[in-house]
Amino acid sequence: MKSQKLLNAIGQIDDKFIEDAKTVDKVRRKQFRRQWAIAIAACLLLVLSVGIITPVTLNNMEAGTITMDINPSVEYVISRNGKIKSVQFLNNDAGNALGEIDLKGQTLKSAITLTVAAYKNCGYMESNDTVLISFDQKISGNSKLKNTFSETIRQALEKTDAVHSLVYISATDNTDALKIKEEYNVSQGKAELIRAISEKTDMPLEDLVRLPLDELVGMQKDNDTIIIDTRYIGMMKAKQIALDDAGCLNRLKIIFIEAKLVDGGIKTPYYLLVFNDDQYRWTYRIDASDGGILERNKEELLISLEKAKNIALADAGLAEAFDRVTFTKEELNRNQNNPCWILEFYTAKYQYSYRIDAKTGEIVYGRQYIEISRAKEIAIEDSGCNGEIDFTEAELVDDGIKTPYYYFVFNNFQTRWTYRIDANNGAILEKNEESILFIT
């Protein structure tokens, strides 16, 4: 019976019943009063029990989902009292770091602290000091609950001494963000961030997804960001200082080889950044306190495959005909003191072979040949074979010799021919014919 019904029952005792009870002897009145007192006490106890049990049950109800992104991504299902009801790992990195830690039943503060400690132990915090916290729509719709959880998370991260920037984001039912979440297997909050950035840049989604979290946050200025560690400028700002100084405007071509904070008891803590594009590698030491450039180094790398192709096509007079060229070989030869790109390609009329110095971009050699199909036609026409034939060998021989040639071996049911065709002009350099016999 509900508490309100119990109270109503107590208040509806008939006055006449009480008046008639006065004629009853004292023993019966004492028994009646004792029973009455017991009944009232029982009712009050039940009312109090209901009042205590109901808040406890409500506090254990699911409040919503909180996701924490660094590079590993983990999703906490949390109750209203701040306890973790269940945990889901959104990528392998999170599973590797947290797989053996029992986070279920922990307070949100403890779960966040344990998660960051595990990430630090695996090295995930070394190259990133930005944390993205996303709340689902349940929590986002309850401002009091959201503020409570936000403050709990901030306090937990503040004590880890590993996080510089904390970013909050609220999930929505945006269909584009949901598609990004499903297609690229990222959290809803990170999908929202990527979607917002994609509307302001020409970068493809697949490239945005691969960017480190701090760089994504840096590209989206309209964020609810809290600076936790005010001692240092943060990895995000250090990267931007180095990239701006290096003059690297095309972020798509930049690959960070190393990015970490060095502060192990030294006088001047700094960020060590090593990154390269397709031509150079830069090494920077950025003062972690004021952003000053302590050291920089620029090293020339090997030229890219794309640049080597452009050099070869320009030399062959095909710079404007890239769409009509088919590459059959794109190989970087590192077995020599002077590494070079080996390129082979053809058009409708000719075949080409180039060696491009991978350090300087100089053309070691470049040759133009007649197309292999044309060389085959020359050999077949000369052999006088009109029936069906089978090529058992067909290759270009050009190992630094003076006159490169195509080597062909083909036959029909009774004759085998061997030809060497000049690859430059199609002249027949050598031919041989022999009879063969196939017995069916």
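Throughout what follows, the structure given in this document is the object of discussion.

With that settled, the discussion passes to the sheet that holds strand 3 (residues 84-89). Across a sheet, paired strands are connected by hydrogen bonds in the backbone, their directions being either parallel or antiparallel. The mixed open sheet is built from 6 strands, whose spatial order is 3-2-1-4-5-6. Whereas interior strands pair on both sides, the edge strands pair on one side only; in this sheet they are strand 3 and strand 6 (224-227). Taking each pair of neighbouring strands and ignoring which way they run, the sheet shows an average axis angle of 20°. In this sheet, strand 4 (residues 130-135) lies alongside strand 1 (residues 62-69) in antiparallel orientation, the contact comprising 4 bridges. Across the sheet, the residue bridging to M68 is I133, located in strand 4. Packed onto the sheet, helix 7 (residues 143-160) meets strand 1, strand 2 (73-79), strand 4, strand 5 (165-170) and strand 6 and runs at close to 160° relative to strand 5.

Here the focus is the pairing of strand 3. As judged from the 5 bridges shared by strand 2 and strand 3, these two strands associate in the antiparallel manner. Counterpart to Y76 in the pairing with strand 3 is V87.

Glancing now at unusual backbone geometry. Glycine aside, negative phi is the norm for most residues, and most peptide bonds take the trans geometry. A positive phi angle, close to 60°, is found at D161, a residue other than glycine. Here D161 is to be found in the loop between helix 7 and strand 5. Its identity is not glycine, yet N185 carries a phi of approximately 55°, on the positive side. Within the secondary structure layout, N185 lies in the loop between helix 8 (175-184) and helix 9 (188-198).

In a soluble, globular protein the nonpolar side chains are often hidden away together inside. Of all hydrophobic cores here, the largest spans 34 residues; its most connected members are I66, M68, Y119, I133, F149, I153 and L157. For this core, the elements supplying multiple residues, two or more each, are strand 1, strand 2, helix 4 (92-98), helix 5 (108-122), strand 4, helix 7 and strand 5. Top element by residues in this core is helix 5. It accounts for 6 residues. In this view, I153 contacts I66, L108, I112, I133, F135, L166 and Y168; residues no more than four positions away in its chain are not counted.

Take the pattern of salt bridges next. A complete count under the given rule lists 20 salt bridges for this structure. Between E199 and R195 there is a salt bridge; the shortest N-O distance is 2.9 Å. Looking at R195, the relative accessible area reads 16%, which means it is buried. The closest approach of N and O atoms between E295 and R285, which form a salt bridge, is 2.9 Å. Taken as a pair, E295 in strand 10 (residues 293-300) and R285 in strand 9 (residues 280-287) lie far apart in primary sequence, 10 residues in all. Residue classification places R285 among the partly exposed positions, given a relative accessible area of 25%.

This part covers helix 12 (residues 235-246). The end-to-end C-alpha distance of helix 12 is 17 Å, a good match for the 16 Å that 12 residues give at a rise of 1.5 Å each. Those residues of helix 12 that sit buried are M235, A238, K239, A242, L243 and A246. End-on, the buried residues of helix 12 take up no more than an arc of 130°, which puts them together on one face. Looking at the buried positions of helix 12, the neighbouring elements they touch are helix 11 (213-219), strand 7 (255-262), strand 8 (270-276) and strand 9.

It is worth spelling out the pairing of strand 17 (residues 415-422) at this point. Of all the 8 residues making up strand 17, 6 are buried; the element is thus mostly covered by neighbouring parts of the structure. Where strand 16 (residues 405-411) meets strand 17, 7 bridges bridge the pair, whose relative direction is antiparallel. Note on strand 17: the bridge partner recorded for F408 is Y419. Between strand 16 and strand 17, which pair antiparallel in sequence order, lie 3 residues. Pairing of strand 17 with strand 18 (residues 428-435), which is carried by 7 bridges, proceeds in the antiparallel orientation. For Y419, the partnering residue across the bridge sits in strand 18 and is K431. With antiparallel pairing between neighbouring strands as the criterion, strand 17 and strand 18 make up a hairpin whose turn holds 5 residues, including G426 at a positive phi of roughly 85°.

Quick notes on the rules
- Residues numbered from 1 in each chain as written.
- Predicted model: local features only at pLDDT ≥ 70, side-chain atom pairs only at ≥ 80, totals over all residues.
- Heavy atoms only, no water.
- Pairing = 2+ DSSP bridges.
- Helix = DSSP H or I, 4+ residues; strand = E, 2+ residues; numbered from the N terminus.
- Axes fitted to C-alpha atoms, helices over the stretch in contact; angles between N-to-C directions.
- Contact = heavy atoms within 4.5 Å.
- Core = buried A, V, L, I, M, F, W, Y, C linked by side-chain atoms within 4.5 Å.
- Buried < 20%, exposed > 50% of the residue type's maximum accessible area, 1.4 Å probe, protein only.
- Salt bridge = Lys/Arg side-chain N within 4 Å of Asp/Glu carboxyl O.
- Expected span 1.5 Å × (residues − 1).
- Arc of directions from axis to C-beta.

That's the geometry; what it means functionally is another story.
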